[in-house]
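Letter by letter, the chains look like this.
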Amino acid sequence: MADEKKNGLTVLVCGGGNAAQVATAMFAARYDTYAISLYADEGPRWKQSMCGSRWFDQVNGMELTLDTGKKLVSMPTDITNDPSIAAKADVIILAVPSFAHGQYFEAFYPYIKPGTVVACMPARSGGDILFAAKMKEKADSLAFVGFETLPWACRFTEWGKRATILGTKGSILAAVTPESEATRAISILQGLLGVYPAITKSPNNLGISLRNPGQVIHPGVMYGRWCPEKWDGKPVAEKPLFYQGVDDFSESILLGLSNEVQDVCRKVESLVPGFSLKDACTLHQWYLDSYKGQMADDSTLRKSMNTCSAYTGLTHPLKDVDGGFMPDLRYRYIAEDIPTGLCFTRGLAELLEVPTPTMDKVMTWGQEQLGKSFLVDGKMAGANLAETRAPQAVGIKTKEEFFKAAKIS
């Protein structure tokens, strides 16, 4: 009994979407939990929605239906838009789109305390590099955790009031920087999540960054269907399938991108003896790992994508127009996955002098659709570079500087 005590933990959840509402409701059932949204008036609206009981609904707080069928009702300590709340947090969970990570890091910088565990779900590519740049001299006293993906498939059923976990992953990859904090950080986060998903420790955040499937799949499939070689610019009569519609041409683009990511991995490993990027697998292997048993034919990348039951009926992002449908070429598949995915890998490839002809082709097309400039004359030096996760965006100019920032030795 002498060793037993009250062990308090304060959690701060960032965001106001599906995952943030689920995380807040789950963690608030056990721990002192705050939520913050820096988006307009989202925080105050969420707070009001939980406290504004109606005559037919007398439950204050957030109701969470788990995938087991059980329900939790909890009330976070507060929901705010004031970043100074970070000073109270032992753990900060970012469940916001990756393009917003930098905004939250900057806002928390003046207030965050040593020892805080900061986890991004998911981190996408280069999350640890961005975190170190924004946290400056404080970075060494913090633990950054990059998750490969979200722990759950989830949605809110009544915004700010009720949410549902549709399914929970059996396991999930995460890496910790610095590695010396891995045991402590993963233990805390596993306690928050519960038995599932089991957090599997990845050796390093660079492996999480280069494994990022979105940086290959989304821009690659969009290019494969809507590039000038395949599309005449006119409306299409039917909505094309996104994954099931991958043809030989799109597969060639995806394989080109995936192979170039692998070239970057092998170059890093050749320069740093003993350093492993085992988790940064090929895209085909990622499908075999992630959707085992859900693909009718997994013999090739294209067939894996075409026959994956998880993707049945999903179409390209489209807009209704006279005469049919036009692609939404500023959808997040391009607007997010190029700046926070491909730009990181392409920037690292440049530092390592690894050729990337497929990436260059897809990125040049993608930046034209966005009206942005990331890649200019074969260099990551465009006017909008600061909006990306490219190492060059935070002033990294050599591979040695990159390895230092990524704590790779």
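Everything numeric here is computed off the predicted structure, so don't read it as measured data.

Q: Whenever I open this one, the nonpolar core confuses me. Can you help?
A: Across soluble globular proteins, you tend to see nonpolar side chains buried next to one another. With 65 residues, the main nonpolar core has Leu206, Leu210, Ile217, Tyr287, Met305 and Phe402 as its most contacted residues. The greatest single-element share of this core, amounting to eight residues, is contributed by helix H12 (residues 338–352). When near neighbours in sequence (up to four residues on either side) are disregarded, Ile217 contacts Phe242, Tyr243, Leu254, Leu283, Trp286, Tyr287 and Met305. Listed in part, the 40 residues of the second largest apolar core include Ala25, Phe27, Trp46 and Ala182.

Q: Would you explain unusual backbone geometry in this entry?
A: Negative phi is the rule for most residues except glycine; trans is the rule for most peptide bonds. Omega for the peptide link from Met121 to Pro122 comes to -5 degrees, which places this bond in the cis form. Relative to the helices and strands, Pro122 resides in the loop between strand E7 (117–120) and helix H4 (127–135). With an omega dihedral of 0 degrees, the bond running from Thr177 to Pro178 counts as a cis peptide bond. For Pro178, the position within the fold is in the loop between strand E11 (171–177) and helix H5 (182–193). For Asp377, which is not a glycine, the phi torsion comes out positive at approximately 50 degrees. With respect to the helices, strands and loops of the structure, Asp377 is situated in the loop between strand E15 (375–376) and strand E16 (379–380).

Q: Is there a simple way to explain the packing of aromatic side chains in this structure?
A: A ring pair, where both rings are aromatic, is described by two values, the distance of the centres and the angle of the planes. Under the criterion given, the structure shown has 16 aromatic pairs. Ring geometry for Trp286 against Tyr291: centres 5.8 Å apart, planes inclined by 75 degrees, an arrangement best described as edge-to-face. Aromatic side chains Phe402 and Phe403 sit 6.1 Å apart centroid to centroid with 65 degrees between the ring planes, which places their arrangement in the edge-to-face category. On the accessibility criterion, Phe402 (1% relative accessible area) is buried. On the accessibility criterion, Phe403 (11% relative accessible area) is buried. Following the ring pairs from residue to residue traces out a cluster consisting of Phe242, Tyr243, Trp286, Tyr287, Tyr291, Tyr311, Tyr331 and Tyr333. Against the face of Trp226 rests Arg225, its NZ or CZ located 4.3 Å from the ring centre.

Q: What is the right way to look at helix H13 (residues 357–370) in this model?
A: Residue pairs three or four apart in sequence face the same way in an α-helix, which turns once every 3.6 residues. The terminal C-alpha atoms of H13, which comprises 14 residues, lie 20 Å apart, in line with the 20 Å expected from a rise of 1.5 Å per residue. Taken as a whole, H13 has its buried residues at Thr358, Met359, Val362, Met363, Trp365, Gly366, Gln367, Gln369 and Leu370. Looking at the buried side of H13, the elements it contacts are helix H7 (214–226), helix H8 (248–271), helix H11 (332–335), H12, E15 and E16. Looking at the residues trailing H13, positive phi occurs at Gly371, about 70 degrees.

Q: Just to check I follow, could you spell out the sheet that holds strand E12 (residues 198–201) for this structure?
A: Neighbouring strands of a sheet are bound in pairs by backbone hydrogen bonds; such pairs are parallel or else antiparallel. Taken together, eight strands build an open sheet; the order of strands is E5-E2-E1-E6-E7-E8-E11-E12 and the sheet is mixed. The open sheet has two edge strands with one neighbour each: strand E5 (78–80) and E12. On average, each strand axis in the sheet is inclined to that of its neighbour by 25 degrees, with strand direction left out of account. As paired elements, strand E8 (residues 143–147) and E11 share four bridges and run antiparallel to each other. Bridge pairing in E11 places Phe144 opposite Thr177. Each of strand E2 (32–36) and E5 is contacted by helix H2 (residues 42–51), which is oriented at about 150 degrees to E5, the strand it contacts most. The strands touched by helix H3 (residues 101–108) within the sheet are strand E1 (10–14), E2, strand E6 (91–94), E7 and E8, with E6 carrying the most contacts at an inclination of about 155 degrees.

Q: Would you explain the packing of H12 against H13 in this entry?
A: A pair of packed helices is captured by two measures, namely the crossing angle of their axes and the spacing between those axes. Their axes nearest at 11 Å, the elements H12 and H13 cross at an angle of 145 degrees. As for how H12 packs across H13, the hand of that crossing is left-handed. Seen from H12, the contacting residues are Ile338, Leu342, Cys343, Thr345 and Arg346; seen from H13, they are Met359, Asp360, Val362, Met363 and Gly366. Considered class by class, the residues forming the contact of H12 with H13 number six nonpolar, two polar and two charged.

Q: Just to check I follow, could you spell out the sheet that holds strand E4 (residues 71–74) for this structure?
A: Taken in spatial order, the four strands of this open sheet run E4-E3-E10-E9, and their pairing is mixed. Each having just a single partner strand, E4 and strand E9 (152–158) make up the two edges of the open sheet. Each strand axis lies, on average, 20 degrees off the axis of its neighbour in the sheet, ignoring direction.

Q: In this structure, what is going on with the pattern of salt bridges? I would like to understand it.
A: Proximity of charged atoms lets side chains of opposite charge pair with each other. A full pass over the atoms with the stated rule returns 20 salt bridges. Between Glu63 and Lys71 there is a salt bridge, with its nearest N and O atoms 4.0 Å apart. Note that Lys372 is salt-bridged to Glu387, the shortest N-O span being 3.0 Å. On the criterion of sequence distance, the pair formed by Lys372 in the loop between H13 and E15 and Glu387 in the loop between E16 and helix H14 (399–405) is long-range, its members being 15 residues apart. When its relative accessible area of 42% is taken as the criterion, Glu387 is described as partly exposed.

Q: What is the right way to look at the side chain of Gln21 in this model?
A: With respect to the element layout, Gln21 can be found in helix H1 (residues 18–28). Looking at Gln21, the relative accessible area reads 0%, which means it is buried. The residues touching Gln21, leaving out its near neighbours within four places in the chain, are Gly16, Trp46, Met62, Phe156, Trp159, Gly160 and Lys161.

Analysis parameters
Residues numbered from 1 in each chain as written. Predicted model: local features only at pLDDT ≥ 70, side-chain atom pairs only at ≥ 80, totals over all residues. Heavy atoms only, no water. Core = buried A, V, L, I, M, F, W, Y, C linked by side-chain atoms within 4.5 Å. Buried < 20%, exposed > 50% of the residue type's maximum accessible area, 1.4 Å probe, protein only. Helix = DSSP H or I, 4+ residues; strand = E, 2+ residues; numbered from the N terminus. Contact = heavy atoms within 4.5 Å. Phe/Tyr/Trp six-rings, centres within 6.5 Å; stacked < 30°, edge-to-face > 60°. Lys NZ or Arg CZ within 6 Å of the ring centre and 35° of its normal. Expected span 1.5 Å × (residues − 1). Pairing = 2+ DSSP bridges. Axes fitted to C-alpha atoms, helices over the stretch in contact; angles between N-to-C directions. Left-handed = near helix turned anticlockwise from the far one by under 90°. Nonpolar A, V, L, I, M, F, W, Y, C, P; charged D, E, K, R; others polar. Salt bridge = Lys/Arg side-chain N within 4 Å of Asp/Glu carboxyl O.

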